[in-house]
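Coordinates in review
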Amino acid sequence: MTKSLITICGWLLCVCVTPPVFAEDEQESPKESVRINVLLVNSDGNLTDADRKKLNGKTDAVLESLEALKASGKLRVANHCEMVVIEDTAATFQIGEMVPMRTGSTRSIGGRRTNVYQDASVGTLVKLRTKVVEDGISVQISFAKSSVKGEVSDDTEEPQGVSTLSHQASLGIKNGTAQLMGGMSERGSDDSDRGSWLIVSAETMGVTNTPAQEEDKSDDSVLGDVQIEVVPELGTIVLRGKSDDVKRVQAIISEIEKRKRESEEK
């Protein structure tokens, strides 16, 4: 029975036989970069069914339709968030501010009224995660827009509040297209239908290396973590780690065994 004495990355491994080595590759697969547009548009009830159909289709055509509808006064773009994200990675886009909000009023003994204010955090928050699939791009999105209701004025003592419009959905989008996710309409005091609509577009931009892959590429002299598991009853060694690191450990083991055989033959 031969013995192999192997020292790897500070680990001392003594095996009573020269076992076969099995490698389990944990190499991270490349990920796609995805360009996402998220638009919130408002309408005073002037959008027709034909207009809404123009908000679905090729991204460039939808953006051109939005510009035309804006020029005709049929809608307003309240928010337009554009970002490039790595698929299967959580992404957050947030724009906000602190604004005064009237919470009530107090009166002095003489009857003088003083309004009371507190700061409120308002703005737009977009959270999403994308995944490139065979027939397009899967998008999980959470959209929220908040604002203080009413005007900040000392002429009234009516308390204000925070109004929030939110939308959460999971949808599939064909690559390079935009889709009208949905909307909400309400009847105004003048009997007009006001609505808010959410439009999302997605387009792949090619494979992007993750930070971990860039780190691996930047310094080939550094050996990453490789787990070594000995299975005595099977006479085997199992290596777990990234592909390049496992191959280098296998090469080290092979070189040690080669030198051992050469020393025994002398």
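Residues numbered from 1 in each chain as written. Predicted model: local features only at pLDDT ≥ 70, side-chain atom pairs only at ≥ 80, totals over all residues. Heavy atoms only, no water.

1. Some remarks on the confidence of the model for the protein chain
Residue-level pLDDT values for the protein chain average 76, and 74% of them are 70 or greater. Considering each helix and strand of the protein chain separately, the mean pLDDT is smallest for strand E2 (residues 11-15), with a value of 39, and largest for strand E5 (residues 57-58), with 94. (pLDDT = per-residue confidence, 0-100. Helix = DSSP H or I, 4+ residues; strand = E, 2+ residues; numbered from the N terminus.)

2. Thoughts on the environment of glutamine 118
With respect to the element layout, glutamine 118 can be found in strand E8 (residues 113-133). Given a relative accessible area of 43%, glutamine 118 falls into the partly exposed group. Setting aside anything within four residues of it in sequence, one finds glutamine 118 in contact with Val99, Pro100, Met101 and Thr103. (Buried < 20%, exposed > 50% of the residue type's maximum accessible area, 1.4 Å probe, protein only. Contact = heavy atoms within 4.5 Å.)

3. A short note on the nonpolar core
By size, the foremost hydrophobic cluster in this structure holds 20 residues, and its most contacted members are Ile36, Val38, Met83, Val85, Val126, Leu128 and Ile141. For this core, the elements supplying multiple residues, two or more each, are strand E4 (31-43), strand E6 (76-86), E8, strand E9 (136-148), strand E10 (162-173) and strand E12 (193-208). Setting aside anything within four residues of it in sequence, one finds valine 85 in contact with Glu32, Ser33, Val34, Ile36, Ala91, Leu128 and Thr130. Grouped together as the second largest cluster of nonpolar side chains are twelve residues, Leu39, Leu55, Val62 and Ala178 included. (Core = buried A, V, L, I, M, F, W, Y, C linked by side-chain atoms within 4.5 Å.)

4. Some thoughts on the pattern of salt bridges
Opposite charge on two side chains permits pairing when their charged atoms draw close. A complete count under the given rule lists seven salt bridges for this structure. Residues aspartate 88 and lysine 31 are paired through a salt bridge, measuring 4.0 Å at the closest nitrogen-oxygen approach. Taken together, the residues span a long stretch of sequence, with aspartate 88 in the loop between E6 and strand E7 (91-107) and lysine 31 in strand E4 at a distance of 57 residues. Glutamate 87 is the salt-bridge partner of lysine 131, the closest N and O atoms lying 4.0 Å from each other. On the criterion of sequence distance, the pair formed by lysine 131 in strand E8 and glutamate 87 in the loop between E6 and E7 is long-range, its members being 44 residues apart. In this structure lysine 131 comes out as partly exposed when scored by relative accessible area, which is 38%. (Salt bridge = Lys/Arg side-chain N within 4 Å of Asp/Glu carboxyl O.)

5. Description of the environment of glycine 183
Locating glycine 183 in the fold gives a position in strand E11 (residues 177-187). Placed 143 residues apart in sequence, glycine 183 and leucine 40 show a C-alpha to C-alpha distance of 9.2 Å. Look past the residues within four positions of glycine 183 in its chain and what remains in contact with it is Ser196 and Trp197.

6. Things to note about the sheet that holds E9
What the four strands build is an open sheet, ordered E7-E8-E9-E10; its pairing is antiparallel. What marks the edges here is a single partner per strand, and that holds for E7 and E10. For this sheet the average axis-to-axis angle between neighbouring strands, irrespective of direction, equals 10°. Inspection of the sheet shows E8 paired to E9 by eleven bridges, in the antiparallel sense. Among the inter-strand pairings, threonine 130 is bridged to a residue of E9, identified as valine 139. (Pairing = 2+ DSSP bridges. Axes fitted to C-alpha atoms, helices over the stretch in contact; angles between N-to-C directions.)

7. Here's the deal with helix H4 (residues 243-265)
Here H4 is 23 residues long and its end C-alpha atoms lie 33 Å apart, about the 33 Å a rise of 1.5 Å per residue gives. Buried residues of H4: Ser243, Asp245, Val246, Val249, Ile253 and Glu257, and no others. (Expected span 1.5 Å × (residues − 1).)

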